[in-house]
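# Close look at the chain arrangement
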Amino acid sequence: MGNLKFAVMGCGFWSKFQIAAWKELEGVELVALYNRTKAKAEKLAEEFDVPSVYDDAEEMLEKESLDFVDIITDVDTHAPFTELASRYVKNVICQKPMGPDLATAENMVKTTKDRDVNFYVHENFRWQSPLRQFKEILQSGEIGKVFKSRVTFCSGFPVFDNQPFLAELDQFILTDIGSHILDVCRFLFGEPIDLHCKIKTVNPKIKGEDVANVFMEMEDGSHCYAEMSYASILEKESFPQTLVLAEGSEGSIKLEHDFKIKITTRNGTREITAAPEMYDWADPDYALIHSSIVDCNRDILQDLQDKKESETTGDDNIKTIRLVYQCYDSAAKDEKLKF
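These figures come from a predicted structure and were not determined experimentally.

What counts, and at which threshold
Residues numbered from 1 in each chain as written. Predicted model: local features only at pLDDT ≥ 70, side-chain atom pairs only at ≥ 80, totals over all residues. Heavy atoms only, no water. Helix = DSSP H or I, 4+ residues; strand = E, 2+ residues; numbered from the N terminus. Contact = heavy atoms within 4.5 Å. Pairing = 2+ DSSP bridges. Axes fitted to C-alpha atoms, helices over the stretch in contact; angles between N-to-C directions. Salt bridge = Lys/Arg side-chain N within 4 Å of Asp/Glu carboxyl O. Buried < 20%, exposed > 50% of the residue type's maximum accessible area, 1.4 Å probe, protein only. Expected span 1.5 Å × (residues − 1). Arc of directions from axis to C-beta.

## So, the side chain of Gln95
Summarising the element assignment, Gln95 is placed in strand S5 (residues 91-95). What Gln95 contacts, discounting residues up to four positions off in sequence, is Trp14, Gln18, Asp70, Ile71, Ile72, His78, Val121 and His122.

See below:
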C-alpha cells in the first residue's frame with residue numbers, strides 16, 4: 001500500500017501540532033490545506049511544505065485525490081464539514097468534542113455510516129503515556145479486582161486567558177475537559193451502568209460550570225468517581241495531567257504528579273515514571289498532550305491501513321458524548337440516572 005493522502009481542514013492554533021504529529025508517521029502524506037482565511041493556510045503550507053492550499057472546502061474535495069480529511073476547526077463546523085467530506089466518500093477524522101450537542105453528534109455517526117465512510121474522533125487523552133502504562137498494570141492483575149477508582153482533573157490554570165470564548169459557553173467543563181475525562185474512565189474501567197452528577201460555577205465571570213463531579217457504578221460493579229475543576233487552587237498545579245487512583249482487592253495503583261506511578265501491594269510500594277516522549281516540535285509544558293497526538297494518529301492510521309481497529313471511532317466516542325449529556329441531565333434533575 002502506498003502513502004495515504006489527506007488534507008487538513010482548519011489552520012488555527014492546534015493544527016500545527018496535529019500536522020507535526022502526522023509528520024512523525026510513515027505511510028501518510030499531507031497534500032492540501034483548507035482554511036477560510038487563505039493567508040493562514042498559505043503560512044502553514046510554507047512551514048510544512050504542503051503543495052496545495054484552498055479557501056473553499058468543496059473545491060478542495062473535488063480537485064484533490066484524498067484518502068481522508070482531518071478536521072481541526074471549531075466544534076460548530078465539525079458536522080457540516082463531516083457531511084461534506086462524506087458526500088465525497090472521504091474518510092473523516094475530527095477533533096473533540098465530536099459535535100456541539102448530542103443530536104448533532106449522533107447524526108454525524110449515522111451520516112458517515114450510511115455513506116460507508118470511516119469516522120474517527122481525535123480523542124487523545126487515552127493515548128497519554130502515563131494512562132497507557134496505568135492500564136497495562138491494571139490489566140496485569142497485580143492489584144486484583146478493582147472495587148473503587150478516582151479520575152481527577154482539577155486545576156487553577158487560567159484557561160480563559162488563552163481561550164476567552166470558553167467563558168461565554170453555557171455548558172463548559174463537561175463539554176470541554178469532561179469529554180476527555182469521561183473517556184479516560186471508560187478506557188480504564190469500562191462502561192457505567194448509572195451515574196449521579198453535580199455541577200457548580202465558581203468563577204463569577206463565566207456563564208457555564210467550571211466544576212463537575214460524577215459518581216458512577218461500572219458494569220463490573222466497581223465505583224468510579226470523576227472530578228473536574230478549573231477553579232482549584234492547590235498546593236501543586238497538575239495541569240495538564242490527569243491523576244488516577246485505582247484500589248483493588250490485592251493493592252492499589254496511583255498516578256501522581258510528574259508522571260509517577262506507584263503500585264502498592266501487601267509486599268510494599270514500587271514506583272515507575274511514565275514520562276511522555278519528547279518531540280522537538282512539542283512545547284515542553286504540553287509534551288504529555290502533544291506526544292499523545294502521535295500515538296492517537298498512529299492508531300487511526302493503522303485502521304485506515306486495515307491493520308487494526310482504531311480505539312477512537314465515532315461508534316466508540318459517541319458513548320462518551322452520551323455520558324457528557326447524561327451528566328448534564330443528572331445535574332439538572334439532581335438524581336441518579338440508570339442506563
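## Re the sheet that holds strand S4 (residues 68-71)
The parallel open sheet is built from 6 strands, whose spatial order is S3-S2-S1-S4-S5-S6. With one partner strand each, in any of the chains shown, strand S3 (52-54) and strand S6 (119-122) form the two edges of the open sheet. On average, each strand axis in the sheet is tilted by 25° relative to the strand beside it, whichever way the strands run. Together, strand S2 (28-34) and S3 form the strand contacts of helix H2 (residues 38-48), whose direction differs from that of S3 by roughly 165°. Packing against the sheet, helix H10 (residues 287-304) makes contact with strand S1 (4-9), S2, S4, S5 and S6, and its axis sits at approximately 175° to S6.

## Let's talk about the sheet that holds strand S12 (residues 251-255)
Across the sheet, which stays open at both edges, the 9 strands sit in the order S14-S13-S12-S11-S7-S10-S9-S8-S15 with mixed pairing between neighbours. In the strand order of this sheet, the two ends are held by strand S14 (268-273) and strand S15 (337-338), each with one partner. As defined by bridge partners, strand S13 (residues 260-265) adjoins S14 across 6 bridges and the pair is classed as antiparallel. What sits directly across from Lys262, in S14, is Glu271.

## Structural notes on the pattern of salt bridges
Going through the model one piece at a time under the given rule, you end up with 29 salt bridges. Here Lys96 ties to Asp176 by a salt bridge, and the two come within 3.9 Å at their closest N and O atoms. Residue Lys96 is found in the loop between S5 and helix H5 (102-114), and its partner Asp176 is found in helix H8 (residues 173-176); the two are separated by 80 residues along the sequence. Neither residue differs from the other here; Lys96 and Asp176 are each classed as buried. The structure contains a network of salt bridges with shared partners spanning Arg126, Arg132, Asp183, Arg186, Glu191, Glu311 and Asp316.

## Things to note about the pairing of strand S9 (residues 211-218)
Summarising the sheet, strand S8 (residues 192-200) and S9 pair through 8 bridges and their orientation is antiparallel. Bridge assignment links Asp194 to a residue of S9, and that residue is Glu217. Following S9, the chain reverses through 4 residues before pairing antiparallel with strand S10 (residues 223-229); Gly221 in that reversal takes a positive phi of roughly 90°.

## Overview of H5
The end-to-end C-alpha distance of H5, which contains 13 residues, comes to 18 Å, matching closely the 18 Å that a straight helix rising 1.5 Å per residue would cover. The set of residues buried in H5 consists of Ala105, Met108, Val109, Thr111 and Thr112. Down the axis of H5, the smallest arc covering the buried residues is 165°, so these residues share one side. Those residues of H5 that are exposed and aimed more than 90 degrees away from the buried face are Ala103, Lys113 and Asp114. Structurally, H5 contributes buried residues whose contacts are with helix H4 (78-87), S5, S6 and helix H11 (314-333).

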